[in-house]
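A look at the structure
Listed below are the residues making up each chain.
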Amino acid sequence: MMLSFISQQFAFYLTLLLLFFLPGYFLLGAVFKKDSFSFFEHVIIGSGLSIITTDFTILVLDRANIPLTRYSLALSILAITAVAYFVSKKGQTGNSSFAKLNFTKKQGMLIIILICSTVFIKAYYLRNAVMPGTTDLGHHLYWSKVIAETHHIPEYTQRDVISRDETNMIGAPKKISDFIIGEQLFYSSVSIVSGIGFISYFPVLALFLVNTMSILALFILALELFRNNPRRKSIAILSLLFIGPLFSIDPPQAKFVAGGVTGNLIANFLVPLTLYFYIRFFHERTRGFLFFALLFSMGLFYTHHLTGFMFLISFASFVILSSVFNFKEFFALIKDKSKLLLSPQIIGFFVFALIFVAAIYTPSYLTNKAVTTVVGAVSKAGHGGLTLNQFRDTLGETRIVWGMMGLLFAIFLIRKSAEKFSLIMVSAWAGAIFLVSMFPDIVKIDLPSGRAANYASYPLSILSAFAIVTLAAKSFCSKNAVIQKTSSRFFLGAFVLLVSFIMINGVSDNVGYLMKDNFYPDKIQETYAASSYLSSKMSGQDILADDHIYITADSFVKLFFMRDYNFPLYRANLERYTNNVDKDEFCTLWMISGPETPDSEKCFRDLGVNFVLVNGKTDAAQFEKLGNFQKVYSNNELNAYYRTN
Amino acid sequence: MSEKKIIIVISVFVLVVFSALSWREMKFQTGTYRNGWWGIYFNDPKGSSLDFTINNESKPEKFSWKVTSQDGSTTFLQGTENVSSGEKRELSFSSQDIPQSQKIIIKVTNGSDGTEKDIYKTLP
């Protein structure tokens, strides 16, 4: 067992290195001079670039009808890495080295402590969640497993139960837009190359890795945003505090990792890197930075449409605010950079993007016209905007207070500051999210308000850090000796109080989660066992109905059958049957809640359902009293029944 | 402090944490968590065979079983089994002595804590 574990671990880390670090690292070296980035930046950006490269490579292979196997994936990625390596070696001159980014010993220790404590807190929270069992993760892994088993990219479809003309039936496959290909390629590429199955530790750990990288991405973004600020390292390190160990479990952090909120997590890694390249393009006049900014933007839309949409809104806000606050300079800048914008490389990128979208792979939300469902007046519950209290609860008092203060400082300093575009960018980023999550009707965007608000933790962390460092700098650097001395004592005391408040606020939030144990690996294992039993005993003609409400990890049952995204048929949360939006059939409800009624008996007959899986504590009673249901399986949590007629 | 040192320290720490979580997940899959669980099932759920399996993923290993009529008044067969943790013990027996055309219940009791589970079929 130990030997098998070690070899599997070796395969896992080697696969992560191959797919999520190497290609991007060497591609960056092939395009830019070595001293364009520090080693830190090179590693972090290279990782994000690797995710995009791996995704696009797989899509091209599939389009060329090359089966997605371990050898085709690994050899393709190795080939890209090798070519990039040789190009980068050829391009290097003399003793080229990375740009210097040295930290003092104290700063270095602080960075290490902040990152390691973040990882430790999250790992402790995830200790019982590392066995996959959450709903979203089950849904994503189903499609990832389809890719791994069929060796091709699937069409996202599902078969629904339809009730029509007094007959119930399982309808024809219909397209769905809920999944974005980048979310599934993330898991399927690891499984295909490493050989590790989906029901294992790797999905949660891969997400955990991406989440950790997103924090480092924010760190390098903060360093670049304030590149001309003498206190940029302090701002960046303080940003790490706000996005790292404080509120490290609240969404979109460890809770999203456990929940398998895949697209959001990967996109939260790509967004800071995308903004990094845009701001570098503004700071320097290099086509390469614009090219990569556009490439990362494209990668975002192949990963998570919601984040891509939020990014578009933030970027549009940035353009509008730039023109408002720096009217003359902004348009002079545009005019100056327009030659770069119209350069062959940038035009070439747009041609490449168009061909890719049109001919290689079109994201499902474009083919299914899902975009039209998010633009317009708010129509769904939970999309109507948050109150200030809800916004505060989502993001934490500390980040709201200091983030808002940072926003005010930014607005106040914009006109005079040398880093005005950086301040505008981070303010626009925060402001757009604030607008969409609190006043969606103003911007006519119909998105889940709570989910939109979660995005604000990233820009607010930078703004909070900026506010504290700016305040401290103004106080300690007064030219008046008396003011300086008085300020020093006062602000030192205030700073200690502030840090205490910040730590108590953020850490108590973590403690609240860590004291509760919301994950049940034993119940998950029982669902796996029951599913494995049923899948081994049922034929292709047998139909299973189960329950989402009381079965732990029910979304994983379908991974044992791989028949359809909607197989087994399942009883959904009860409000979905009454909200007039989600469900227009009641068979899946009646068959579990009331199997004895004439309506449910008709459902069983019409749909051919002859196996049922339910929670033995909550839903056994209605089956035990029926003579035509035989109890064929029972464990601590679940019972399975076979219907004889 | 150089960036390389920072990256190396963080990478090593992440590797150790990930390995620990991986090991923990593997133990969940192959061992018992808290008190563990156990289950029983028919080997042929659709047919008339009463052969069944005890799947033990808990620490206690002593189980007793009996095959009874629907009301429990008649016990047709019974026995005790030692099923190791992680084992699936299949039990086969002839149903010649069991009357047909009635509901037959198989009841299994955990010898340690007395918890019971049952499965049942109506024989043709």
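Residues numbered from 1 in each chain as written. Chains lettered and ligands numbered in written order. Predicted model: local features only at pLDDT ≥ 70, side-chain atom pairs only at ≥ 80, totals over all residues. Heavy atoms only, no water.

1. Remarks on the state of the cysteines
Residues and elements named next belong to chain A.
- Counted under the stated rule, the structure contains one disulfide over all chains.
- Through a disulfide, cysteine 587 is tied to cysteine 603; the S-S separation comes to 2.0 Å. Across the S-S bond linking cysteine 587 and cysteine 603, the dihedral sits near -80°, which makes this disulfide left-handed. You can see cysteine 587 sitting in helix 25 (residues 587-593) and its partner cysteine 603 sitting in helix 26 (residues 598-607), a full 16 residues away along the chain. (Disulfide = S-S within 2.5 Å. Helix = DSSP H or I, 4+ residues; strand = E, 2+ residues; numbered from the N terminus.)

2. Points about the interface of chain A and chain B
- Chain A puts 63 residues into the contact, and the matching count from chain B is 45 residues.
- Across the interface of chain A and chain B, roughly 4900 Å² is buried in total on both sides, 66% from carbon and sulfur atoms.
- On the surface where chain A and chain B come into contact, there are two salt bridges.
- With its nearest N and O atoms 3.1 Å apart, the salt bridge here joins lysine 631 of chain A to aspartate 118 of chain B.
- Our enumeration of links across chain A and chain B arrives at 21 residue pairs in polar contact (both at pLDDT 80 or more).
- Broken down by element, the side of chain A that touches chain B gets its largest block of residues, 10 residues, from helix 5 (residues 105-125) of chain A. (Contact = heavy atoms within 4.5 Å. Buried area = accessible area lost by both parts, 1.4 Å probe. Salt bridge = Lys/Arg side-chain N within 4 Å of Asp/Glu carboxyl O. Polar contact = N/O pair within 3.5 Å; in protein donor to acceptor, adjacent residues only side chain to side chain.)

3. Some thoughts on a nonpolar patch on the surface
- A surface patch of nonpolar side chains, about 450 Å² in accessible area, is lined by Leu341, Leu342, Ile347, Val351 and Ile355 of chain A.
- When residues of the nonpolar patch are assigned to their parent elements, the largest contribution, three residues, is made by helix 15 (residues 344-360) of chain A. (Patch = residues over 30% accessible without salt bridge, like charges linked within 9 Å, V, L, I, M, F, W, Y side chains within 5 Å. Areas by Shrake-Rupley, 256 points an atom, 1.4 Å probe, with all protein chains shown as cover.)

4. A word on the pattern of salt bridges
- Inspection of every chain in the model, using the stated rule, returns 16 salt bridges over all chains.
- We note a salt bridge from aspartate 542 of chain A to lysine 46 of chain B, for which the minimum N-O separation is 2.5 Å. With aspartate 542 of chain A in the loop between helix 24 (521-537) and strand 5 (543-547) and lysine 46 of chain B in the loop between strand 1 (36-42) and strand 2 (52-58), the pair connects residues from two separate chains.
- Take aspartate 542 of chain A: its relative accessible area is 5%, and that puts it in the buried class.
- The shortest N-O distance in the salt bridge between aspartate 547 of chain A and arginine 571 of chain A comes to 2.8 Å. A residue pair is termed long-range when its members are at least 10 positions apart, and aspartate 547 of chain A in strand 5 and arginine 571 of chain A in strand 6 (residues 569-571) qualify at 24 residues. (Buried < 20%, exposed > 50% of the residue type's maximum accessible area, 1.4 Å probe, protein only.)

5. Some details on the packing of helix 11 (residues 262-283) of chain A against helix 19 (residues 420-438) of chain A
Residues and elements named next belong to chain A.
- Packing of helix 11 against helix 19 leaves a shortest axis separation of 10 Å and a crossing angle of 150°. It follows that helix 11 is roughly antiparallel to helix 19 by the angle criterion. Helix-helix and strand crossings are classified by hand; for helix 11 and helix 19 the assignment is right-handed. Contacts between helix 11 and helix 19 involve Val271, Leu275, Tyr278, Ile279, Phe282 and His283 on the former and, on the latter, Phe421, Ser422, Met425 and Trp429. (Axes fitted to C-alpha atoms, helices over the stretch in contact; angles between N-to-C directions. Parallel < 35°, antiparallel > 145°, perpendicular 65-115°, else oblique. Left-handed = near helix turned anticlockwise from the far one by under 90°.)

6. Here's the deal with the side chain of histidine 304 of chain A
Residues and elements named next belong to chain A.
- By the secondary structure assignment, histidine 304 is in the loop between helix 12 (287-301) and helix 13 (305-325).
- Within the structure, histidine 304 has its side chain in polar contact with the side chain of threonine 307 (distance 2.5 Å).
- Apart from residues lying up to four places away in sequence, histidine 304 is in contact with Ile180, Glu183, Gly263, Asn264, Ala267, Arg451 and Tyr455.

7. Things to note about the pairing of strand 1 of chain B
- Across the seven residues that make up strand 1 of chain B, a large majority, seven, are buried.
- Burial along strand 1 of chain B is two-sided: the face carrying Gly36, Trp38, Ile40 and Phe42 of chain B and the face carrying Trp37, Gly39 and Tyr41 of chain B are both buried.

8. Re the domain arrangement of chain B
- Per the domain assignment, the segments of chain B are domain 1 (1-30) and domain 2 (36-122).
- Each of domain 1 of chain B and domain 2 of chain B has a C-alpha centre, and the two are 44 Å apart. (Domains from an automatic or database assignment.)

9. With respect to the domain arrangement of chain A
Residue and element names in this part refer to chain A.
- Domain boundaries assigned for chain A yield domain 1 (103-131 + 201-515) and domain 2 (135-183 + 521-643).
- Here the C-alpha centroids of domain 1 and domain 2 sit 39 Å apart.
- Tallying the contact residues gives 20 residues for domain 1 and 18 residues for domain 2.
- Interface area for domain 1 against domain 2, summed over the two sides, is near 1600 Å², with a carbon-plus-sulfur share of 65%.
- Our count for the domain 1 to domain 2 interface comes out at three residue pairs in polar contact (both at pLDDT 80 or more).

10. Looking at the sheet that holds strand 5 (residues 88-91) of chain B
- One open sheet accounts for eight strands, arranged 6(A)-5(A)-7(A)-9(A)-8(A)-1(B)-2(B)-5(B); its pairing is mixed. One side of each edge strand has no neighbouring strand; the edge strands of this open sheet are strand 6 of chain A together with strand 5 of chain B. Sheet twist, expressed as the average angle between the axes of neighbouring strands with direction ignored, equals 25°.
- With five bridges connecting them, strand 7 (residues 609-615) of chain A and strand 9 (residues 638-643) of chain A associate as antiparallel partners. Note on strand 9 of chain A: the bridge partner recorded for valine 614 of chain A is asparagine 639 of chain A. (Pairing = 2+ DSSP bridges.)

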